Each structure stands twice: as C-alpha cells, then as structure tokens.
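Residue-level structure breakdown
Next come the chains, spelled out residue by residue.
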Amino acid sequence: MSVLMLPELLDTKYALPFSELLKKEEREFVLDGSQVGRVGGLCFQMLVSAYRTAQMQGAGFEIRNISDAMRENLQLMGGDFLLEAKGDA
Amino acid sequence: MSTEDFTDDMDAIRLIFFDECDEQLTLLEEELTALEDEPENGEKINTIFRCVHSIKGGAAAFGMEDLVRFSHLFESVLDRFRSGELSVNAESIRVFLKCKDALSDIVSDFKNGGSTYEVAPEITADLEHYLGSDASEPEPASEEVRTEDIFGMSFAPVKIEIDAPSEQQFSIVLTVSPEFYERGDDIRNILMALEGLGQIKVQVDSDAVPLLADISPGQSYLTWQILLTTEKSRESIDEIFDWCGDDLQAVITSVPEEAEQTKIPSAPVAEEKTDPPVRKGTERKDSATVRVDIQRIDKLVDLIGELVINQGAIQSQMRRNKVPGDSFLGSVVTAQEQLIHELQENVITMRAYPIKTVFQKLGRVVRETARLTEKQVRLVLEGEDTEVDRSILEKLSDPLTHMVRNAIDHGIESPEVRAQAGKDPEGLLRLRAFQRSGRIIVEIQDDGAGLDPDRIYEKAVEKKIIEKGQRLDREEIYSLIFEPGFSTVAEVTDVSGRGVGMDVVKQSLQQINGRIFISSSKGKGTIFSISLPFTLSVIEGIIFKSEGQDFVVPINNVSDTIIFDNSKAFHIGEGKYGYPYRDGYLSVIYASDLLDVPSDKKNQKICFVIENENEEKMAFIVDKIIDQSRFVVKNLEDNYRKIACFSTATILGDGNVAFILDVEFLFGELLKKRESSLEERV
C-alpha cells in the first residue's frame with residue numbers, strides 16, 4: 001500500500017497532474033494531507049471522483065493527517081464525507 | 001438575469017427538487033421494505049433518516065412549510081430509532097410506511113400547485129407517540145408549535161426587538177463552467193465570500209462526477225446548494241456574483257416569509273453535526289447519468305418512428321422504380337435501415353425502467369393484505385432489475401396489485417389451515433420478472449390452496465357464464481375466472497372486492513398487448529404468468545391485403561400460414577363453419593368481414609392460423625401477403641378514433657395507413673357475431 005503525499009496547493013493547475021496520479025493508484029486510495037494549505041474546486045472534484053471510484057470498486061479511501069487548512073476547505077465545499085471516509089469507502 | 005429568466009430557473013429547480021423527492025421516496029420505500037427483514041440494520045435506518053432529511057432541506061428552501069413540518073416530525077422519530085433509544089419492529093415499520101405515504105401525498109400536492117397540506121391526525125399522533133413525553137407536553141397555539149429550523153433544531157419562539165437587525169435565509173444553488181476556473185477563479189473563493197456574510201450550510205451534489213477513468217479534470221461536474229443565514233441584504237449577496245459573469249450560475253432565492261418562523265436562531269451552526277450528502281442506497285449502480293425530461297425521450301421515440309416511416313417510403317419508391325437491392329443506393333439504404341433499427345432499439349431502451357418500481361409498491365400491498373386477512377405471507381422478489389418500457393410499466397401496477405391481493409385473499413390459506421395441511425403457516429408469494437423470447441414475463445406464484453376446477457365450473461354455471469354440461473378442459477375452466485362478475489368466494493371481502501377484478505385485470509393487460517396464463521395444482525399453489533411486449537412503440541407483424549386495403553397482423557399471433565382452398569370450408573352446424581387443419585378444424589373468419597363490404601371470396605387465397613393467449617386457433621382468410629416487417633405503432637384514439645377489430649394503426653412507406661388487428665377481439669365478439677353470417681358465404 002502506498003501513501004500519496006498531497007502538495008501544499010491543490011489548486012486549478014494541479015487538477016490535471018492530480019488526476020493522473022490518482023488514476024495510477026491501483027486499488028487503495030490513501031492520501032496524506034498534512035502539507036495541504038489550500039484545496040480548490042477542481043481538485044476537490046478529483047477527490048470526490050476518487051472517493052466514488054473507491055466506492056464503486058469496494059476499495060479503500062482515506063485521507064490521513066489532514067491539515068487544518070485542508071479540513072476547513074473540504075468542509076467549506078461540503079466535503080465532510082471525505083473527512084469521515086476511512087478504510088473502505 | 002431578467003425576472004423572466006429567474007422565474008424560469010426557479011421553476012426548473014422546483015422540478016428538479018420534485019424529481020429528487022421522487023427518488024428519495026422510492027429509496028425510502030425500498031429501505032423500509034428491506035428494514036422488515038433486517039430490523040437491526042442501523043445503516044438502513046440511517047439511509048431512511050437521510051432521505052427524510054433531504055426532502056426536508058429542499059422543502060425549506062422552497063418554503064413548503066407543511067412538508068418541512070411533517071418531515072421534521074418524522075425525522076425526529078427516526079432519530080430516536082437510529083440512536084438506539086427505540087427498536088424497530090413490525091408496528092414501527094407500518095407507521096413509517098404510512099408516513100412515507102403521507103410524505104408522497106404532500107410532495108404530490110405541492111407538485112400540483114398546492115401550498116398547504118394537512119396530514120391525517122392519526123399519522124401525526126402515531127409519530128408523536130414515539131416521541132413520548134416530549135410530544136405530550138402542552139402545546140402552544142398551533143402555528144407556533146412547530147417552530148423548528150430546517151436543520152432539525154427545535155427552539156422556543158423568541159421575542160424579537162424591533163430595532164434589532166433581522167436575519168434572513170437564502171437558498172443559493174451554484175453551478176460553474178470550466179471557464180470559471182480557467183480565468184483563475186475558484187468556487188472556494190465564492191464560498192468564503194458567502195461565509196463572510198453570515199452562517200452557511202453547504203451541501204454538494206456529486207452525483208454527476210464521473211469515476212476516475214472517465215473524468216476530465218478541467219470540466220466542472222459539481223453543484224453546490226447553500227443555505228445562507230444573514231443579516232445582510234440580498235444586494236450584498238448579488239455583489240459577490242456580479243463579477244462572475246456567465247461562468248458561474250447562481251440561483252438565489254429568499255426563504256419566504258411564511259417559513260420565517262423556521263429561521264435559524266443565533267446558535268452555533270458550525271458546531272451542528274451535518275449529515276453527509278445523501279447517497280442513494282449502498283447498492284446503487286454508481287454510473288454517470290444525465291437527468292432528461294421523459295417527454296423529450298417520448299418525443300425522440302416519436303421522431304425515430306417518423307424516421308422509420310420515411311425509410312419505408314424510400315424503400316417503397318426504390319421498389320416502384322425497380323432499383324436493384326445490390327446497387328450502391330440499395331446497399332446504402334439497407335445499411336441505413338440497420339442503423340435506424342439500432343437507433344430505435346437504443347432509444348426505446350432509454351425509456352425502459354426496472355420493474356422494481358412496481359414490485360416495491362407490491363411489497364406494501366402484500367403487507368397490508370396479509371394484515372387485513374390475518375394471514376402470514378413471505379414475499380420473495382426476483383428479477384427486479386428487469387427493464388420494461390415506461391408506457392407498459394405505468395399500466396402494469398394496477399393489474400398486478402389486484403392479482404397480488406387475490407393471491408393472498410383467495411389463494412394462500414390461513415396459518416391454521418396451512419398447519420393442518422402440513423404446510424408452513426407462513427405462505428409464500430413469489431413475484432418474478434425475466435425476459436423470454438423477446439418478451440417480458442412476470443409471474444405471480446403462491447403456495448396456497450391452488451385453483452379448484454370443480455368449484456370454478458360450478459360457480460360459472462351458477463353465474464350463467466357457461467351452460468351446465470358444457471365440456472371444457474382444465475385451462476378453459478381456469479380462464480373462467482377472468483369472466484366479468486366471476487367470484488368463487490362465498491363472502492365478499494374488503495380485500496379483493498366483489499368479483500369485478502380479474503376481468504378488469506385481463507382487459508388492462510390486453511391494452512398493453514399482454515397475455516396471461518394460469519397453471520395451478522390443487523393444494524400446492526398457483527402461478528399466474530403474464531407475458532408482455534418490451535415496448536408498445538414498435539410491433540413485428542405481417543402486412544397483408546384484403547379488398548385492396550392493407551392491414552397488419554402481429555407476428556406473435558400467427559402460428560402458421562397456409563394456402564386457403566375455399567372449397568374445403570365446411571358447415572359444422574349451429575352457424576359455425578370450419579376449415580380442416582391438421583387433425584381437426586378451425587373456425588373461419590374472412591378479413592373482408594372486417595370491412596363490411598361485398599367481397600369476392602375467390603380472391604381470398606391465404607389463410608393465417610391465428611392464435612390467442614389461450615392458444616385457441618382460428619383461420620383468418622386474406623387476399624395476399626405483402627411483407628413481414630417492424631411497424632411503428634400509432635394510437636388510433638389519439639389520431640382518429642377507436643375502431644372495433646383494430647387495436648392500433650401504422651403508417652406505411654407509401655404514406656397509407658394500415659390498421660393493426662386486435663386479435664383478442666377477433667376471438668371474442670367478432671367470432672361469435674360473424675359465425676352466423678358466414679353461413680351465407682360458404
């Protein structure tokens with residue numbers, strides 16, 4: 001199982017590389033949010049897509065070590081369910 | 001945005017809200033039904049809670065106060081169950097189902113333009129019973145009683161200082177285009193700006209977000225619904241969106257004054273636990289979907305029907321001009337015909353719904369009927385995902401409901417009788433749907449007493465449906481239960497009515513080209529098997545000529561085609577005429593009789609052996625067979641008027657109309673009527 005370290009800025013520019021990185025995750029989505037300072041709408045959308053994909057595949061989805069900024073940003077955009085997801089989505 | 005545009009948007013959003021309510025109510029019913037088998041399943045109660053919560057939230061945004069009040073009360077009760085204070089049992093599920101019905105009624109009322117709805121007091125009382133002492137406390141004046149906010153918090157009416165700035169609530173629905181992000185903006189900024197105006201509650205609709213394999217990272221799939229409580233004016237909100245242009249669509253609505261008492265008090269909303277967005281059932285297929293108005297699909301089906309007719313016209317002209325089929329034009333037209341055929345099948349599939357929607361309602365019917373008849377019944381559903389054209393599904397619910405009631409009331413025995421017979425006191429009712437030979441088969445099977453052919457025969461004689469001594473085989477005796485006014489129960493019950501049901505069932509099924517078969521074993525049970533077409537839009541048939549006119553006979557009803565020799569037709573007595581066929585003979589009907597015009601029977605050279613749902617056969621005599629093809633069905637009543645003998649019509653390639661035979665009519669009234677006049681012909 002590998003952990004995908006998220007960068008400080010999950011902004012619009014990062015949406016494309018982020019999608020490619022997520023697509024490479026073979027089964028489990030384990031993300032580390034300790035360094036995240038900002039989450040934009042498009043990257044938020046990528047996280048939602050990964051969550052739904054995990055749900056569909058019966059795979060795991062988890063964001064570990066969520067920074068305060070990431071937590072606030074996700075909550076602001078209605079993404080509480082991403083914060084609550086642990087193990088199997 | 002003009003006022004007109006705004007009103008249009010609001011209407012569109014209201015419609016979406018009602019669509020979502022329908023989805024939530026369907027899920028609610030599904031989960032409540034499943035809860036009966038798994039009362040300990042906490043996830044089911046959670047899902048049920050979220051459904052009601054979701055309806056409440058939307059209703060508040062549109063100021064549907066009565067819907068908010070009732071769903072809040074329902075939700076409060078559900079909360080006690082999900083917290084473990086109360087346990088789910090059969091009685092609570094019965095109450096929940098009644099509440100679900102009440103919710104459906106309120107939603108339906110608002111959908112039809114209503115603005116208030118009073119729920120039956122006994123339903124409210126049932127719910128308040130679960131709230132115990134909280135609900136039994138003396139209540140102030142009715143209008144002030146339910147001062148609950150839409151987040152589910154209760155609070156007492158508060159005195160409002162006149163000079164104090166008053167809070168308002170706004171519902172804001174946000175969708176953004178990809179260009180919004182391209183020019184450097186972000187939804188996060190908008191939400192932060194709104195947060196700066198007051199307290200916000202954000203729900204994100206993520207249903208449209210594709211899976212990773214299909215997502216385009218630059219596209220925008222999300223929709224946000226925000227409830228803003230603020231002391232600021234509407235203009236302050238508008239200012240946030242002023243500079244977003246068309247790249248961000250914001251629909252802002254003020255929660256109306258009548259919902260004013262549901263305003264959020266200055267409570268720390270941020271600390272309130274919010275539910276995650278409603279996920280529609282854990283078993284839901286997680287595929288990307290687009291919500292399309294069903295009328296658009298219907299229109300598409302009609303347009304493709306016209307395309308099929310035009311294709312027929314091209315082929316008709318080709319034949320007239322003797323264009324060879326293996327020419328370039330011929331091969332292109334053939335390829336186009338195949339494409340249109342595929343297009344038609346695809347579009348018809350788009351209009352197909354899983355039969356689950358009907359089966360779920362029947363779960364309720366089973367429970368209620370079992371309760372009324374004091375019987376124990378276990379319902380087993382199979383093939384719920386079998387898809388049926390919407391137009392058929394809409395007309396299937398009533399006959400199935402009646403048959404299920406009948407199966408429990410007349411078929412399944414009481415627990416005592418079953419025990420005496422060595423059976424499980426709990427009866428089994430199985431509803432099953434599947435595809436066979438291009439048709440949909442729906443079976444209603446019970447393990448009850450089975451049909452008693454002797455009793456049915458006696459009753460039919462008593463009711464003067466048949467004459468005493470008339471020879472009928474077992475299947476013919478069974479089919480007597482579909483005769484008008486037939487009933488074998490000694491006492492009329494509240495459940496299955498007065499014997500006016502099964503004939504109506506048969507008629508209803510015939511209207512959707514359905515056929516019904518019965519197999520039964522005394523003491524072991526009965527299976528009613530309904531065969532339905534996949535669609536009513538297209539029919540496979542044989543086109544034939546009679547007296548210069550074109551007609552179509554559905555291919556499913558043609559069991560054989562033979563050359564007709566008029567000299568072999570013979571008189572068999574009592575005004576009946578027959579024609580030898582294999583080891584027996586067939587009753588004869590001439591197609592020209594349908595037209596009521598003098599005809600030269602010498603032209604009539606083709607005999608269709610036509611078969612009805614009871615596998616009865618007749619000889620149907622026509623002049624000439626033209627072709628076998630698929631025909632686009634046109635409703636006669638909508639386009640002209642009902643004509644006896646013909647169920648529907650079609651438009652041919654040359655623009656002429658051809659009527660499609662109503663085979664059941666031929667076997668019914670027409671056969672009886674015409675037999676006497678045939679005496680003069682033969």
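Basis of the calculations
Numbering of residues begins from 1 in every chain and follows the order in which that chain's sequence is written. Here the convention is simple: chains get letters from A, ligands get numbers from 1, in the order in which they are written. Thresholds applied to this predicted model are a pLDDT of at least 70 for local features of residues and 80 or more for the giving and counting of side-chain atom pairs; totals over whole chains, interfaces and linings are not thresholded and use all residues. Heavy atoms from the whole structure form the basis of all side-chain values; hydrogens and water molecules are not counted. UniProt positions are given in the numbering used here, feature names are shortened, and annotations may be inferred rather than shown by experiment. Counting from the N terminus, the helices are the DSSP runs of H or I reaching at least four residues and the strands are the DSSP runs of E reaching at least two. Expected span of a helix, by definition, is 1.5 Å for each gap between consecutive residues, and there is one gap fewer than residues. Think of it in three bands: with a 1.4 Å probe and only protein chains considered, a residue is buried below 20% of the maximum accessible area for its type, exposed above 50%, and partly exposed in between. For two strands to pair, DSSP has to find at least two bridges joining them. Whenever a helix is involved, its axis is fitted only over the stretch in contact; in every case the axis is a line through C-alpha atoms, and angles between N-to-C directions fall within 0 to 180 degrees. To form a nonpolar core, buried Ala, Val, Leu, Ile, Met, Phe, Trp, Tyr and Cys residues must be joined to one another through side-chain atoms within 4.5 Å. Throughout, a contact is declared for two residues whenever any of their heavy atoms are within 4.5 Å. Computed with a 1.4 Å rolling probe, the buried area is the accessible surface lost when two parts are put together, summed over both parts. Criterion for a salt bridge: a side-chain nitrogen of Lys or Arg within 4 Å of a carboxyl oxygen of Asp or Glu. Here a polar contact is taken to be a pair of N or O atoms separated by no more than 3.5 Å, where protein atoms must pair a possible hydrogen donor with a possible acceptor and residues adjacent in sequence count only if both atoms sit in side chains. The pLDDT value tells you how sure the predictor is about a given residue, anywhere from 0 up to 100. Two axes define the bend at a residue: one fitted to the seven residues ending there, one fitted to the seven starting there, and the bend is the angle between them. Patches here are clusters of residues that have more than 30% relative accessible area and form no salt bridge, with a 9 Å joining cutoff for like charges and a 5 Å cutoff for nonpolar side chains (Val, Leu, Ile, Met, Phe, Trp, Tyr). Values of accessible area rely on a 1.4 Å probe in the Shrake-Rupley scheme; residue burial ignores everything except the protein chains shown. When charges are counted, neither His nor the chain ends are considered; positive counts come from Lys and Arg and negative counts from Asp and Glu. Where a charge lies is defined by one atom per residue type: Lys uses NZ, Arg uses CZ, Asp uses CG and Glu uses CD. Two aromatic rings, drawn from Phe, Tyr or Trp (for Trp, its six-membered ring), form a pair once their centres lie within 6.5 Å of each other, and the interplanar angle then sorts them: stacked below 30 degrees, edge-to-face above 60, tilted otherwise.

Going by an unreviewed UniProt entry, chain B carries the name Chemotaxis protein CheA and comes from Gluconobacter oxydans. Taken from UniProt, the Catalytic activity (unreviewed entry) comment for chain B reads in full: "ATP + protein L-histidine = ADP + protein N-phospho-L-histidine." Under the Function (unreviewed entry) heading, UniProt states for chain B: "Involved in the transmission of sensory signals from the chemoreceptors to the flagellar motors. CheA is autophosphorylated; it can transfer its phosphate group to either CheB or CheY."

An unreviewed UniProt entry lists chain A under the name STAS domain-containing protein, with Gluconobacter oxydans given as the organism.

Further remarks concern helix α13 (residues 356–373) of chain B. The periodicity of an α-helix, 3.6 residues per turn, causes residues three or four positions apart to be oriented the same way. Residue and element names in this part refer to chain B. Along its 18 residues, α13 runs 25 Å from first to last C-alpha, staying within 8% of the 26 Å computed at 1.5 Å per residue. Of the residues making up α13, those classed as buried are Val358, Phe359, Gln360, Leu362, Gly363, Arg364, Val365, Val366, Arg367, Thr369, Ala370 and Thr373. After α13 finishes, the residue Glu374 shows a positive phi value of roughly 55°.

Turning to the UniProt feature "modified residue: Phosphohistidine" (unreviewed entry) in chain B, a few remarks are in order. In the numbering used here, UniProt assigns the feature "modified residue: Phosphohistidine" (unreviewed entry) to His53(B). In this fold, His53(B) is placed in helix α2 (residues 42–61).

Residues and elements named next belong to chain B. With mixed pairing, 5 strands are arranged side by side in an open sheet as β20-β12-β13-β22-β21. A strand with exactly one partner marks an edge of an open sheet, and here the two such strands are β20 (624–632) and β21 (646–651). Shown here is a sheet whose adjacent strand axes are inclined to one another by a mean of 35°, direction ignored. As judged from the 6 bridges shared by strand β12 (residues 538–546) and strand β13 (residues 549–554), these two strands associate in the antiparallel manner.

This part is about the nonpolar core. Counting residues in hydrophobic clusters, the biggest one holds 61 residues, and the most contacted among them are Leu174(B), Leu194(B), Trp224(B) and Phe241(B). Setting aside residues up to four positions removed in sequence, Trp224(B) forms contacts with Phe44(A), Met77(A), Ile172(B), Val173(B), Leu174(B), Tyr181(B), Ile187(B), Leu191(B), Val202(B), Gln203(B) and Val204(B).

How large an interface is tends to be reported as the accessible area lost when its parts come together. Contacts between chain A and chain B engage 30 residues on the former and 31 residues on the latter. Of the roughly 2600 Å² buried at the junction of chain A and chain B (both faces included), carbon and sulfur atoms supply 60%. Considering only the surface of chain A that becomes buried against chain B, Gln45(A), Arg52(A) and Leu76(A) emerge as the three largest contributors, covering 28% of it. Counting every contact that joins chain A to chain B gives 1 salt bridge. Between Asp207(B) and Arg52(A) there is a salt bridge, and its shortest N-O distance comes to 4.0 Å. At the junction of chain A and chain B, the tally comes to 11 residue pairs in polar contact (both at pLDDT 80 or more). Where the side of chain A that touches chain B is concerned, the elements lending two or more residues are α1 (15–24), β4 (38–39), α2 (41–57), α3 (68–76) and α4 (80–84) of chain A. Here the side of chain A that touches chain B takes 13 residues from α2(A), the largest share from any one element.

Turning our eyes to something else, we now look at the confidence of the model for chain B. Residue and element names in this part refer to chain B. On average, residues of chain B carry a pLDDT of 78, and 81% of them reach 70 or more. Predicted confidence in chain B is weakest over helix α7 (residues 142–145), with a mean pLDDT of 37, and strongest over helix α15 (residues 415–420), with 94. Within the model, the stretch residues 135–164 combines pLDDT values under 50 with 49 contacts to residues more than four positions away or in other chains. Long-range and interchain partners of residues 674–682, a stretch whose pLDDT sits below 50, account for 23 contacts in this model, where long-range means more than four residues apart. Here the predicted complex carries an ipTM of 0.94, next to a pTM of 0.51.

If you check helix α14 (residues 390–411) of chain B, its first and last C-alpha atoms are 30 Å apart, about what 22 residues at 1.5 Å a residue would give, namely 32 Å. Of all bends in α14(B), the biggest is about 35°, found at Leu396(B), and the proline Pro399(B) comes one to four residues later.

Strands belonging to one sheet form pairs held by backbone hydrogen bonds; the direction of such a pair is parallel or antiparallel. All names here are of chain B. One open sheet holds the 5 strands; their spatial order is β6-β8-β9-β11-β10, and the pairing between them is mixed. Of all the strands in the sheet, just β6 (376–382) and β10 (515–521) have a single pairing partner and so form its edges. The sheet shows a mean angle of 15° between the axes of neighbouring strands, taken without regard to direction. Two elements, strand β9 (residues 439–446) and strand β11 (residues 525–533), share 8 bridges in a ladder whose sense is antiparallel. Considered in β11, the bridge of Ile440 is made with Leu532. Those strands touched by α13 are β6, β8 (426–436) and β9, and its axis lies near 170° from that of β6. Along the sheet, α14 contacts β6, β8, β9, β10 and β11; its crossing angle with β9, the most-contacted strand, is approximately 20°.

A grouping of Asp473(B), Glu475(B), Glu476(B), Glu615(B) and Glu616(B) is seen on the molecular surface, where their side chains present a negatively charged patch. Here Glu475(B) is to be found in helix α17 (residues 474–478).

Moving on: the packing of aromatic side chains. Residue and element names in this part refer to chain B. Following the criterion strictly, the structure yields 18 aromatic pairs over all chains and no others. Each ring, one from Phe74 and one from Phe96, has its centre 5.9 Å from the other, and the planes form 40°; the classification is tilted. Of the two residues, Phe74 sits in helix α3 (residues 65–82) while Phe96 sits in helix α4 (residues 90–111), which places them 22 residues apart along the sequence. Here Phe74 falls in the buried class, since its relative accessible area comes to 0%. The buried category is assigned to Phe96, whose relative accessible area is 0%. With a centroid separation of 6.1 Å and an interplanar angle of 80°, the aromatic rings of Phe564 and Tyr590 are classed as edge-to-face. Of the two residues, Phe564 is situated in the loop between β14 (558–563) and β15 (570–573) and Tyr590 in strand β17 (residues 584–590); the sequence distance between them amounts to 26 residues.

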